[in-house]
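# Topology and contacts: notes
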Amino acid sequence: MTDLLFISPVFKRMIWGGNRMRDIYGYDIPGEDTGECWAISAHENGDDTIVGGEFDGWKLSELYAKHQELFGDGKKKFPLLVKIIDAKTDLSVQVHPDDAYAAVNENGSFGKTECWYILDCDKDATIIIGHNAKSKEELADMIKNNRWDDLITPRPIKKGDFFQIEPGTVHAIKGGTLILETQQSSDITYRLYDYGRLQNGKPRQLHIEKSIDVINCPHKDVLSACKKSRKEDAEIEELVDCKFYKVWKTDVNGKVSFEAPSTYRLFSVLEGKGKINGLEIKKGQHFIMPLGYGAYTLEGDLSIINSEAK
Ligand code: ZN
């Protein structure tokens, strides 16, 4: 049997970040403005390290390149990136390109499809998804004339909500929100509006022309599947099944057994503690179950977000 690959994440300080990841998950964060935990990542801007076992100290990118037998999907790069985002204040209003646009305009990078599971949020927290422009012309006019209140309508959110964000979708995570994000492994963001904020005395760069290029007009919401089922002592909720990934939540209250997965599988323990095939696991841990690990049993009180790449 192949060991689980436990991950030591990379953390990122951000102008909008906070310190909740220390309080909630006990992480050794680098500052009181820690915005992102790259929990499972092989991206060059935040390449995680394997902890323990045969591959202790390896970078995930190196492991993926040299030990395909643990993954088996043979892509150029590890395809997914799982983050926890602690937004103390608002993130910029932004949009991501798709694979085709990124390949041509961003040196062959992946585009970015992403999805959000709301881990926690303030009572009056909101989020931005989509916009109100009916055409590209109206969109360009609203942006160039700073008509942000006409263009964007924040929507209320609550803990446990889930959103799929397709490329070309205007979006922003707003302050008071803690999110688990599963996405294509890409760091390409076009910033449309940053509320006039300054970082080190200067506004952050905006990417207006590229944003207008890629924004879908008019916006259409993607309705998530969210299919719930029960298996032994677990409730399983399929959150999304799209072109790039499948994401689901597993809540265990007792014991549940699964057959050997047909590909490698990502785990982020959100709540509780328990065991996987007898090995103790707890809240805040992230690991990859490699291809060939085999059948497994989860025991205890556990809430887990799982994903698989496609
Ligand atoms: Zn995004």
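Residues numbered from 1 in each chain as written. Predicted model: local features only at pLDDT ≥ 70, side-chain atom pairs only at ≥ 80, totals over all residues. Heavy atoms only, no water.

## Topic: helix H4 (residues 136-144)
Quick reminder: α-helices carry 3.6 residues per turn. Residues three or four places apart thus point the same way. Taken as a whole, H4 has its buried residues at Leu139, Ala140, Met142 and Ile143. Taken end-on, H4 shows its buried residues confined to a sector of 165°, consistent with a single buried face. The outward face of H4, more than 90 degrees from its buried face, is lined by the exposed residues Glu137 and Lys144. For H4, the elements touching its buried residues are helix H5 (148-151), strand S15 (190-193) and helix H6 (208-214). (Buried < 20%, exposed > 50% of the residue type's maximum accessible area, 1.4 Å probe, protein only. Helix = DSSP H or I, 4+ residues; strand = E, 2+ residues; numbered from the N terminus. Arc of directions from axis to C-beta. Contact = heavy atoms within 4.5 Å.)

## A closer look at the side chain of Asp86
Looking at the element boundaries, Asp86 is found in strand S7 (residues 80-87). Of the side chains with opposite charge, Arg20 lies nearest to the buried Asp86, which makes no salt bridge, at 4.9 Å. At a separation of 3.0 Å, a polar atom in the side chain of Asp86 contacts the main-chain amide nitrogen of Arg20. Non-local contacts of Asp86, meaning those with residues more than four positions away in its chain, are made with Trp16, Gly17, Gly18, Asn19, Arg20, Met21, Thr34, Gly35, Thr177 and Leu178. (Lys, Arg positive; Asp, Glu negative; His and termini not counted. Salt bridge = Lys/Arg side-chain N within 4 Å of Asp/Glu carboxyl O. Polar contact = N/O pair within 3.5 Å; in protein donor to acceptor, adjacent residues only side chain to side chain.)

## Some remarks on the domain arrangement of the chain
Once the domains are mapped, the chain shows domain 1 (5-214) and domain 2 (227-309). Put simply, the middle of domain 1 and the middle of domain 2, counted by C-alpha atoms, are 23 Å apart. Counting from both sides, the interface comprises 33 residues of domain 1 and, opposite them, 27 residues of domain 2. Across the domain 1/domain 2 interface, buried area totals approximately 2,500 Å², and carbon plus sulfur atoms make up 72% of it. Put simply, domain 1 and domain 2 have zero salt bridges between them. Mapped onto the side of domain 1 that touches domain 2, the elements with two or more residues apiece are strand S1 (5-8), helix H1 (20-25), strand S3 (34-40), helix H2 (60-66), S7, strand S9 (114-121), strand S12 (162-165) and strand S14 (177-184). (Domains from an automatic or database assignment. Buried area = accessible area lost by both parts, 1.4 Å probe.)

## A word on the pairing of S7
A large share of S7 lies buried, amounting to eight of its eight residues. Here S7 shows no split at all, with Leu80, Val82, Ile84 and Asp86 on one side and Leu81, Lys83, Ile85 and Ala87 on the other all buried. Pairing of S7 with S14, which is carried by eight bridges, proceeds in the antiparallel orientation. Looking at the pairing, Leu81 lines up with Gln183 of S14. (Pairing = 2+ DSSP bridges.)

## A short note on the coordination of the zinc ion
All of the protein donors around the zinc ion are His96 (NE2), Glu114 (OE), Glu114 (OE) and His171 (NE2); their distances to the metal are 2.0 to 2.5 Å. Every donor counted, the four donor atoms about the zinc ion form angles of 52 to 123° at the centre, which fits irregular coordination. In the primary sequence, the donor residues of the zinc ion line up as H-x17-E-x56-H. Pair noted here: His96 is in the loop between strand S8 (93-95) and helix H3 (99-105) and Glu114 is in strand S9, with a separation of 18 residues, a long-range link. Judged by relative accessible area, which is 1%, Glu114 ranks as buried. (Donors = N, O, S within 2.8 Å, 3.2 Å for Na, K, Ca; no water. Tetrahedral: all angles 85-135°; square planar, octahedral: opposite > 155°, others 65-115°.)

## A closer look at the nonpolar core
With 40 residues, the main nonpolar core has Leu60, Phe71, Phe78, Ile84 and Ile288 as its most contacted residues. Residue contacts for Phe78: discarding those within four places in its chain leaves Ile40, Ala42, Leu60, Tyr64, Phe71, Ser185, Tyr264, Leu266 and Ile288. By size, the runner-up hydrophobic cluster in this structure holds 20 residues, among which are Ala140, Met142, Ala172 and Leu192. (Core = buried A, V, L, I, M, F, W, Y, C linked by side-chain atoms within 4.5 Å.)

## Points about the packing of aromatic side chains
Between two aromatic rings, the relevant description is the distance of the centres plus the angle of the planes. If you walk through the whole model with that rule in mind, you get 15 aromatic pairs. Judged by centre distance (5.8 Å) and plane angle (35°), the ring pair of Phe78 and Tyr264 falls under tilted. Note that Phe78 is positioned in the loop between H2 and S7 and Tyr264 in the loop between strand S18 (245-258) and strand S19 (265-276), a separation of 186 residues in sequence. The residues Phe78 and Tyr264 share a single accessibility class, namely buried. On the basis of an interplanar angle of 15° and a centroid distance of 4.7 Å, the ring pair of Phe267 and Phe287 is categorised as stacked. Taken as a pair, Phe267 in strand S19 and Phe287 in strand S21 (residues 286-289) lie far apart in primary sequence, 20 residues in all. On the basis of relative accessible area, Phe267 is assigned to the buried category, the value being 1%. We classify Phe287 as buried; its relative accessible area is 0%. (Phe/Tyr/Trp six-rings, centres within 6.5 Å; stacked < 30°, edge-to-face > 60°.)

## Description of the layout of surface pockets
Reported here for the largest pocket is a volume of approximately 440 Å³. Listing elements by their share of the lining of the largest pocket, those giving two or more residues are strand S2 (10-18), S3, S7, S9, strand S13 (171-173) and S14. Considered class by class, the residues forming the lining of the largest pocket number eight nonpolar, eight polar and nine charged. Reported here for the second largest pocket is a volume of approximately 270 Å³. Lining the second largest pocket we find 16 residues, and of these His43, Glu44, Lys77, Ser109 and Phe110 sit closest to its centre. (1 Å grid on protein atoms, 1.4 Å probe; cavity = no way out; pocket = protein on both sides within 12 Å on 5 of 7 lines; lining within 4 Å. Points joined across faces, edges and corners; volume = space filled by probe spheres on them. Nonpolar A, V, L, I, M, F, W, Y, C, P; charged D, E, K, R; others polar.)

## A closer look at the pairing of S19
Taken together, the four bridges between S19 and S21 define a ladder with antiparallel strand orientation. Looking at S21, one finds that Leu266 is bridged to Ile288. For S19 and strand S22 (residues 296-309), the ladder comprises ten bridges, and the chain directions are antiparallel. Bridge pairing in S22 links Gly274 to Gly300. For S19 and strand S20 (residues 279-282), the ladder comprises four bridges, and the chain directions are antiparallel. Following the sheet pairing, Gly274 is matched in S20 by Ile281. Taken together, S19 and the strand that follows it, S20, pair antiparallel across an intervening segment of two residues, in which Asn277 is found at a positive phi of about 45°.

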